[in-house]
Amino acid sequence: MTAATRIDELTATRDTAAERVRDHNERVRREAEERFAALGGCGTCRGRGWVVTWDTLDCMQGSYAEYDSCGEEACTPATREASGYHPTNLKYDRNRSSVWYPPAHEEAHREQLVRASERANAELYDEVERWTPAAGKLVEVVKAGGGKKAFRVPVGTIGLVKRVFTNDWGTAKAVVVTEEGAKHFPAFKLLAVVDPEPDTSPWDQQEAAARKRDGVPMIVMVKRVTPKAALVTLVGAQEEHWVPLSQVPELGKAQVGKATSAYFPVWLAREKGFPIPGSSTPV
Ligand SMILES: [Zn+2]
């Protein structure tokens, strides 16, 4: 199933669920109106026994309204007792504690329908989110951007999103790396997600190769490994160093208490004061 079909399907489910809530509300209200009429409810006072004789337009809550008893001769406490309230609530009903409420079993049913509607809405939202470009998703450039042709990313380019960012002109962009290792910076709106959960091993291998190419090999003793960093010493040295696994991922798989070889980015090796081969001044 394509992403568009799935989203269409979830949209239809969401709409149906919302419609069920509306239909329910209408039915409950209609039934209450019919019952009120069948039981001889008074249309003048909506079964409340009072009418509004004056109100100021300055108060939205109707707190200053003035009331009188219902003038209908046929409207008595007994008939009102029989008919109950008409389901139309006015702002005055809150002030006069005469709010009509739907029957409890209908209300429980409505809550169920509302929950189903919220769930359908969340599922749709999640699916739309899933197909929105973000780091770690495989995307395709589906629209030609503006600007000089020489700088445009060709339509049909497919690659892994490394991260998204906003440039100095406020344009949302993505860093997209192709399987061959070419890096592009297309505008976010030109992209469509091809695979939200792709197999990233070709890119992982690419990065490992780049670290090997651009990094310096170090033999270190691993003392501790946490989810984010490793505590190491250079073999033959005492000083301990925390190394982020984001910079030297091999250390995440290293065995604690054993010497291991890993490629460090040059800047990190320099920062830690590790000897850099081919450099006579390790600062
Ligand atoms: Zn009445």
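Explain the domain arrangement of the protein chain to me, using residue names and the numbers behind them.
Parsing the protein chain into structural domains produces domain 1 (3-127), domain 2 (138-198) and domain 3 (215-272). For domain 1 and domain 2, the distance between their C-alpha centroids amounts to 51 Å.

Lay out the pairing of strand 3 (residues 138-141) with the relevant residues and their values.
Bridge count for strand 3 against strand 4 (residues 158-166) is three bridges, and the pairing is antiparallel. Its bridge partner lying in strand 4, Glu 140 is registered against Ile 158. Here four bridges tie strand 3 to strand 7 (residues 191-195), and the two strands are oriented antiparallel to one another. Note that in strand 7 the partner of Leu 138 across the bridge is Asp 195.

Describe the nonpolar core, and please don't skip the residues or the numbers.
Ranked by size, the top nonpolar core spans 13 residues in total, and within it Met 218, Val 232, Leu 251, Ala 262 and Phe 264 carry the most contacts. Put simply, the parts of the chain that give this core at least two residues each are strand 8 (215-225), strand 9 (229-234) and strand 11 (259-265). In terms of residue count, the dominant contributor to this core is strand 8 (four residues). Other than its neighbours up to four places away in sequence, Ala 262 contacts Met 218, Val 220, Val 248, Glu 250 and Leu 251.

For the sheet that holds strand 3, give the residues involved together with the corresponding values.
Spatially, the five strands line up as an open sheet ordered 6-5-4-3-7, and their pairing is antiparallel. For this open sheet the edge positions go to strand 6 (183-184) and strand 7, each flanked by a neighbour on one side alone. The pairing of strand 5 (residues 172-177) with strand 6 spans two bridges and is antiparallel. Bridge pairing links Val 177 to Lys 183 in strand 6.

Can you break down the sheet that holds strand 11 residue by residue, with the values?
On the basis of which strands lie adjacent, the open sheet formed by four strands has the order 10-9-8-11 and antiparallel pairing. The sheet is open, and its two borders are formed by strand 10 (240-244) and strand 11, each paired with just one other strand. The mean angle between the axes of side-by-side strands here comes to 55°, regardless of whether they run parallel or antiparallel. Note that strand 8 and strand 9 share five bridges and pair antiparallel. Considered in strand 9, the bridge of Val 225 is made with Ala 230.

Criteria and cut-off values
- Residues numbered from 1 in each chain as written.
- Predicted model: local features only at pLDDT ≥ 70, side-chain atom pairs only at ≥ 80, totals over all residues.
- Domains from an automatic or database assignment.
- Pairing = 2+ DSSP bridges.
- Helix = DSSP H or I, 4+ residues; strand = E, 2+ residues; numbered from the N terminus.
- Core = buried A, V, L, I, M, F, W, Y, C linked by C-beta atoms within 7 Å.
- Buried ≥ 20, exposed ≤ 12 C-beta atoms within 10 Å, placed from the backbone.
- Contact = placed C-beta atoms within 7 Å.
- Axes fitted to C-alpha atoms, helices over the stretch in contact; angles between N-to-C directions.

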